[in-house]
Amino acid sequence: AQTVTQSQPEMSVQEAETVTLSCTYDTSENNYYLFWYKQPPSRQMILVIRQEAYKQQNATENRFSVNFQKAAKSFSLKISDSQLGDTAMYFCAFMNPGNTGKLIFGQGTTLQVKP
Amino acid sequence: GAGVSQSPSNKVTEKGKDVELRCDPISGHTALYWYRQSLGQGLEFLIYFQGNSAPDKSGLPSDRFSAERTGGSVSTLTIQRTQQEDSAVYLCASSLAAAGGELFFGEGSRLTVL
């Protein structure tokens, strides 16, 4: 069974600085997808970034980028130029596309951006 | 609709009562998922629908939990004889296709069992 681990329950960063959130996963699959979702206090989960395992190039979305290390089964999220609106809970998630497409989530990291 | 809609937003009930939670997915999305999020925790998968059928019910915690989907659209999650440990936020998500597609989430229904 696949598992996703986020070892940092809480993190904080000063506004405009850079922060990295860690995520590791365990799977025997070779083809899969990895995601980072953001959950603000409104509770709605919002997709931040997505990575296909067969792509060696790390995904980037504006201030958000990932460091995908397939052999190490590591998928960290880097947030550059942190903004107050980035304050939220962040979840790393794994998807085996051949298995209904359901997401397996980590326990989450609460990020606070300080002014 | 424009997004995934869930109702009620908040529900307080007494132990032993039945509750129904509703999810209205994005129009045209064939895949629908229910998740449960306990306080400060990650999301726990409950059930997956493709159209009106549920090929994966592996996450339902007990036979008190059931779900259905009609017309390939609206889904209802029913919890019978609620217990205090059922208190959580129940999140619904839909996607256009199951394989690798982005899941779009609703804002969830917060259930409190007294």
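The coordinates are above.
Small disclaimer: the values here were computed from a predicted structure and weren't measured.

Draft legend 1. Up close: the packing of aromatic side chains. Per the counting criterion, the structure on display carries 14 aromatic pairs over all chains. Relative to B:Phe45, the ring of B:Tyr35 lies with its centre 5.9 Å away and its plane at 75 degrees, an arrangement referred to as edge-to-face. One end of the pair, B:Tyr35, is in strand β4 (residues 31-37); the other, B:Phe45, is in strand β5 (residues 43-50), and ten residues separate them in sequence. Residue classification places B:Tyr35 among the buried positions, given a relative accessible area of 0%. Following the ring pairs from residue to residue traces out a cluster consisting of A:Phe35, A:Tyr37, A:Phe91, A:Phe105, B:Tyr35, B:Phe45 and B:Phe105.

Draft legend 2. Expanded view of the pairing of strand β5 (residues 33-39) of chain A. Residue and element names in this part refer to chain A. Extensive coverage of β5 is indicated by the burial of seven of its seven residues. Burial along β5 is two-sided: the face carrying Tyr 33, Phe 35, Tyr 37 and Gln 39 and the face carrying Leu 34, Trp 36 and Lys 38 are both buried. With six bridges connecting them, β5 and strand β6 (residues 46-52) associate as antiparallel partners. Looking at the pairing, Lys 38 lines up with Ile 46 of β6. Between the end of β5 and the start of β6, which pair antiparallel, lie six residues, with Arg 43 showing a positive phi angle near 80 degrees. Of the pairings in the sheet, the one linking β5 to strand β10 (residues 88-95) comprises seven bridges and is antiparallel in character. Looking at β10, one finds that Trp 36 is bridged to Cys 92.

Draft legend 3. Inspection of the interface of chain A and chain B at higher detail. Across the contact, 21 residues belong to chain A and 27 residues belong to chain B. For the pair chain A and chain B, the summed buried surface comes to about 1,900 Å²; carbon and sulfur atoms form 51% of the total. Contact with chain B buries surface across chain A, with A:Arg43, A:Thr100 and A:Lys102 losing the most and accounting together for 33% of the total. Residue A:Lys102 is joined to B:Asp56 by a salt bridge in which the shortest nitrogen-to-oxygen separation is 3.0 Å. The interface formed by chain A and chain B holds eight residue pairs in polar contact (both at pLDDT 80 or more) in total.

Draft legend 4. Seen up close, the pattern of salt bridges. Residues and elements named next belong to chain A. Evaluated as defined, the whole model comprises seven salt bridges over all chains. Across the pair Asp 26 and Lys 73 runs a salt bridge, and its minimum N-O distance is 3.7 Å. Taken together, the residues Asp 26 in strand β4 (residues 24-26) and Lys 73 in the loop between β8 (64-69) and β9 (74-79) connect sequence positions 47 residues apart. A residue is classified by how much of its surface remains accessible, and Asp 26, at 41% relative accessible area, is partly exposed. Two residues, Arg 63 and Asp 86, come together in a salt bridge whose shortest N-O distance is 2.8 Å. With Arg 63 in the loop between β7 (60-61) and β8 and Asp 86 in the loop between β9 and β10, this pair connects stretches of sequence that are 23 residues apart. Take Arg 63 and Asp 86: they sit in the same class, and that class is buried. What emerges from the salt-bridge pattern is a single network uniting Arg 50, Glu 52 and Lys 55.

About the cut-offs
Residues numbered from 1 in each chain as written. Chains lettered and ligands numbered in written order. Predicted model: local features only at pLDDT ≥ 70, side-chain atom pairs only at ≥ 80, totals over all residues. Heavy atoms only, no water. Phe/Tyr/Trp six-rings, centres within 6.5 Å; stacked < 30°, edge-to-face > 60°. Helix = DSSP H or I, 4+ residues; strand = E, 2+ residues; numbered from the N terminus. Buried < 20%, exposed > 50% of the residue type's maximum accessible area, 1.4 Å probe, protein only. Pairing = 2+ DSSP bridges. Contact = heavy atoms within 4.5 Å. Buried area = accessible area lost by both parts, 1.4 Å probe. Salt bridge = Lys/Arg side-chain N within 4 Å of Asp/Glu carboxyl O. Polar contact = N/O pair within 3.5 Å; in protein donor to acceptor, adjacent residues only side chain to side chain.

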